[in-house]
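Residues per chain, in single letters:
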Amino acid sequence: MNCDELELEVLTQGERSDEARRHLSGCDACRTFEQQSAQVLLDAQLPEPTEEERRRWQSLAPATLKAWNSKGSRSSATRQVLSLAAAACLGGVVASAAWWPRVAMTTPAPQPSPVAEWTVPFGPEQSAAIEFEDELAPFEVSWPSP
Amino acid sequence: MTAVSPLTPRLRLVDSPPATDAELCQRFLHGDTAAFGVLVQRHQEQVLRLLRRYAPDSDAALELAQRAYLQAFEAARRALPKFSSTSSATEVPFRAWLLRIAINLGKNHVRDARRWMRAPLEVVDQERRLEPVAPQRLEQAQREQLTRAAVLELPKRQREVFTLRVDLGLPFAEVAATLGISEGNAKSHFHYAVKRLQQRVHDRLKGEAQ
């Protein structure tokens, strides 16, 4: 058994094992640790609660129940407020949805994108062709007789 | 003709086992306020003993205890449906939650109190100072005060293990179960906590003597 193991046993076991007793009998540092840790644990303890403290402790259950109930009523009130707020938000959304098409109609129509310009040479030959086309007989449409 | 013996009542009183924390929790959350009282009184001694270490007076300890219960009930309300849908509701570790919440609230209270320069435990010490103090006890009183102050400065896990062990006297297995750690781990933290306290108190007493 080394010193660390002895310390752990001193702090966590009720009775010393034979091995621990043998170690303690030959180790001054561990004997000091045993005494000092007992003193520290004693000093760290709080004094027992007084009668007055214990009497006050009896008020804990009713006071906590009251707080729980008021917390519950507060949270239900909060839920009501939140549901009202949600309803108001929903109303706002519906109203804005009804208003939206009008906005869409009044918005200017999108401008067509500019078309590239082509320059075509136009001389007497082209002019004759046009005149020729003008002289074509009108196309007659007639349905075949049954 | 045979005589028919009248039916004899076979009712007998049997001591029913006490309701578990989870059962009481469920009953309370379904509106049974008596279950609430039983549950609070069942653990109030431990909760208040823990919080006395952190609170400056008994009123503050009561207030912290009340907050701890409210938070634990809130946690139970959120968790119980999950537990009952998957497994037994008796698995709700209400007491462990309650003690852990109490320790955290206590520590936060000390942190906040330090901001306002209020020392915890001052009432406990005041009450003791009112008692007639022999001169030879002065040194011991000073050492106790230093030690208790040093407990509040321990690292979180060491402080949790130390207070559950010293203030409540819980066995290491229960300390471990409350904190969700192994028993060996709890013992190890306790070992480190005591060594650290010894060192702190030794250093401070030495510093004050110089």
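Residues numbered from 1 in each chain as written. Chains lettered and ligands numbered in written order. Predicted model: local features only at pLDDT ≥ 70, side-chain atom pairs only at ≥ 80, totals over all residues. Heavy atoms only, no water.

### Concerning the overall build of chain A
The following threshold applies: A helix here means a DSSP run of H or I that spans at least four residues, while a strand means a run of E at least two residues long, and both kinds are numbered starting from the N terminus. Accessible area is worked out with a 1.4 Å probe on protein chains only. A residue is then buried under 20% of its type maximum, exposed over 50%, and partly exposed in between. Residues are treated as being in contact if the distance between any of their heavy atoms lies within 4.5 Å. Working definition of accessibility: Shrake-Rupley area with a 1.4 Å probe, residue cover restricted to the visible protein chains.
Check the secondary structure of chain A and you find six helices and zero strands. Listed by position from the N terminus, the elements making up chain A come as α-α-α-α-α-α. When burial is assessed residue by residue, chain A has 18% of its 146 residues classed as buried. Taking contacts inside chain A between residues at least 6 apart in sequence as the whole, the part at least 24 apart equals 23%. Entry remark: accessible area of chain A is about 11700 Å², with carbon and sulfur atoms responsible for 61%.

### Digging into the overall build of chain B
Regarding its fold elements, chain B presents nine helices and zero strands. Counted from the first residue to the last, chain B has its helices and strands arranged as α-α-α-α-α-α-α-α-α. Out of the 210 residues in chain B, the part that is buried amounts to 44%. Accessible surface, chain B as shown: approximately 11800 Å² in total, 53% of it carbon and sulfur.

### Quick word on the confidence of the model for chain B
All names here are of chain B. How we decide: pLDDT expresses how confident the predictor is about each individual residue, on a scale running from 0 to 100.
On average, residues of chain B score 81 in pLDDT, and 76% of them reach the 70 mark or higher. When pLDDT is averaged over each helix and strand of chain B, the minimum, 54, is found for helix α5 (residues 122–130) and the maximum, 94, for helix α7 (residues 156–166). With pTM at 0.68, the complex prediction returns an ipTM value of 0.75.

### Observations concerning the interface of chain B and chain A
Our working rule: Defined here as a combined quantity, buried area equals the accessible surface (1.4 Å probe) lost by two parts on assembly, summed across both. Any carboxyl oxygen of Asp or Glu within 4 Å of a side-chain nitrogen of Lys or Arg constitutes a salt bridge here. The term polar contact refers here to a pair of N or O atoms within 3.5 Å; inside protein, the definition further demands a hydrogen-donor-capable atom paired with an acceptor-capable atom, and it admits residues adjacent in sequence only when both atoms are side-chain atoms. All residues other than Ala, Val, Leu, Ile, Met, Phe, Trp, Tyr, Cys, Pro, Asp, Glu, Lys and Arg, Gly among them, are scored as polar; the first ten of these are nonpolar and the last four charged.
Contacts between the two partners involve 43 residues from chain B and, on the opposite side, 34 residues from chain A. The junction of chain B with chain A conceals about 3700 Å² of combined surface from both sides, 64% of it contributed by carbon and sulfur atoms. Sorting the residues of chain B by area buried against chain A places Arg 52, His 191 and Gln 198 of chain B first, and these three jointly supply 17% of that buried surface. Linking chain B with chain A are six salt bridges, by the criterion used here. For the salt bridge of Arg 52 of chain B with Glu 53 of chain A, the shortest nitrogen-to-oxygen distance reads 2.9 Å. At the junction of chain B with chain A, the criterion picks out ten residue pairs in polar contact (both at pLDDT 80 or more). If you list the elements that add at least two residues to the side of chain B that touches chain A, you get α1 (21–29), α2 (33–52), α3 (58–86), α5, α6 (135–152), α7 and α9 (183–209) of chain B. Looking at the side of chain B that touches chain A residue by residue, the classes come out as 19 nonpolar, ten polar and 14 charged.

### What about the pattern of salt bridges?
As a working rule, side chains carrying opposite charge can pair if their charged atoms are close by. Under the definition given, this model contains 25 salt bridges over all chains. For Lys 156 of chain B, the salt bridge identified is with Glu 160 of chain B, shortest N-O distance 3.1 Å. Taken together, the residues Lys 156 of chain B and Glu 160 of chain B, both in helix α7 and four residues apart, mark about one turn of the helix. Counted as one network, the salt bridges with shared partners bring together Glu 48 and Arg 54 of chain A together with Glu 45 and Arg 49 of chain B.

### What about the packing of aromatic side chains?
What counts is decided by this rule: Classification of ring pairs rests on two measures: the distance between centres of Phe, Tyr or Trp rings, Trp counted by its six-membered ring, which must be within 6.5 Å, and the angle between planes, read as stacked under 30 degrees, edge-to-face over 60 and tilted in between.
Counting across every chain of the model gives nine aromatic pairs over all chains. Put simply, the rings of Trp 68 of chain A together with Phe 28, Phe 36, Tyr 69, Phe 73 and Phe 94 of chain B pair up and form one aromatic cluster.

### Quick notes on the packing of helix α3 (residues 28–44) of chain A against α9 of chain B
Quick reminder of the rule: Orientation is described by axes fitted as lines to C-alpha atoms, over the contacting stretch for helices, and by angles from 0 to 180 degrees between their N-to-C directions. Angle categories: roughly parallel below 35 degrees, roughly antiparallel above 145, roughly perpendicular from 65 to 115, and oblique for all the rest.
It is the contact of α3 of chain A with α9 of chain B, at a shortest axis distance of 10 Å, that shows an interaxial angle of 90°. Taken together, the axis directions place α3 of chain A and α9 of chain B in an arrangement best described as roughly perpendicular. Along its contact with α3 of chain A, which presents Phe 33, Gln 36, Ser 37, Val 40 and Leu 41 of chain A, the element α9 of chain B presents Phe 190, His 191, Val 194, Lys 195, Leu 197 and Gln 198 of chain B. Its residues assigned to classes, the contact of α3 of chain A with α9 of chain B shows six nonpolar, four polar and one charged.

### Some remarks on helix α2 (residues 18–26) of chain A
Residues and elements named next belong to chain A. Our working rule: Comment: arc refers to directions from the helix axis out to C-beta atoms.
Turning to α2, its buried residues are Ala 20, His 23 and Leu 24. Seen along its axis, α2 keeps its buried residues to an arc of 100°; they face one direction. Away from its buried face, by an angle of more than 90 degrees, α2 presents the exposed residues Asp 18, Arg 22, Ser 25 and Gly 26. Buried residues in α2 make contact with α1 (3–12) and α3.

### Some words on the layout of surface pockets
Applicable threshold: The distinction between a cavity and a pocket rests on a 1 Å grid over the protein atoms alone: a 1.4 Å probe fits inside a cavity but cannot get out, while a pocket stays open yet meets protein on both sides within 12 Å along at least five of seven lines, and a residue with an atom within 4 Å of a point counts as lining. Grid points are joined across faces, edges and corners, and a volume is the space filled by probe spheres set on the points.
If you add up the space inside the largest pocket, you get close to 260 Å³. Surrounding the largest pocket, 13 residues form its lining, Gln 36 and Val 40 of chain A together with Gln 198, Gln 199 and His 202 of chain B being those nearest its centre. At the level of secondary structure, the elements contributing two or more residues to the lining of the largest pocket comprise α3 of chain A together with α6 and α9 of chain B. It is α9 of chain B that contributes the most residues to the lining of the largest pocket, six residues altogether.

### Here's the deal with the nonpolar core
The tendency in soluble globular proteins is for nonpolar side chains to be buried side by side. Let me state the cut-off plainly: Each nonpolar core is a collection of buried residues, namely Ala, Val, Leu, Ile, Met, Phe, Trp, Tyr and Cys, held together in the definition by side-chain atoms within 4.5 Å.
With 73 residues, the main nonpolar core has Val 47, Tyr 69, Phe 73, Phe 94, Phe 162, Leu 164 and Phe 190 of chain B as its most contacted residues. Here this core gets 14 residues from one element, more than from any other, and that element is α3 of chain B. Apart from the residues lying within four places of it in its own chain, the contact partners of Phe 162 of chain B are Leu 41 and Ala 44 of chain A together with Val 151, Leu 154, Asp 167, Phe 190, Ala 193, Val 194 and Leu 197 of chain B.

### Concerning the environment of Lys 195 of chain B
Mapped onto the secondary structure, Lys 195 of chain B falls in helix α9. Excluding its chain neighbours within four sequence positions, the residues that come into contact with Lys 195 of chain B are Asp 4, Glu 7 and Phe 33 of chain A.

### Considering the packing of α2 of chain A against α3 of chain A
Residues and elements named next belong to chain A. Between α2 and α3, whose axes approach to 5 Å, the crossing angle comes to 110°. Viewed along their axes, α2 and α3 adopt a mutual orientation that is roughly perpendicular. Contact with α2, carried on its side by His 23, Leu 24, Ser 25 and Gly 26, involves Asp 28, Cys 30, Arg 31 and Glu 34 of α3 and no other residues of that element. Within the contact of α2 with α3, the residues separate by chemical class into two nonpolar, three polar and three charged.

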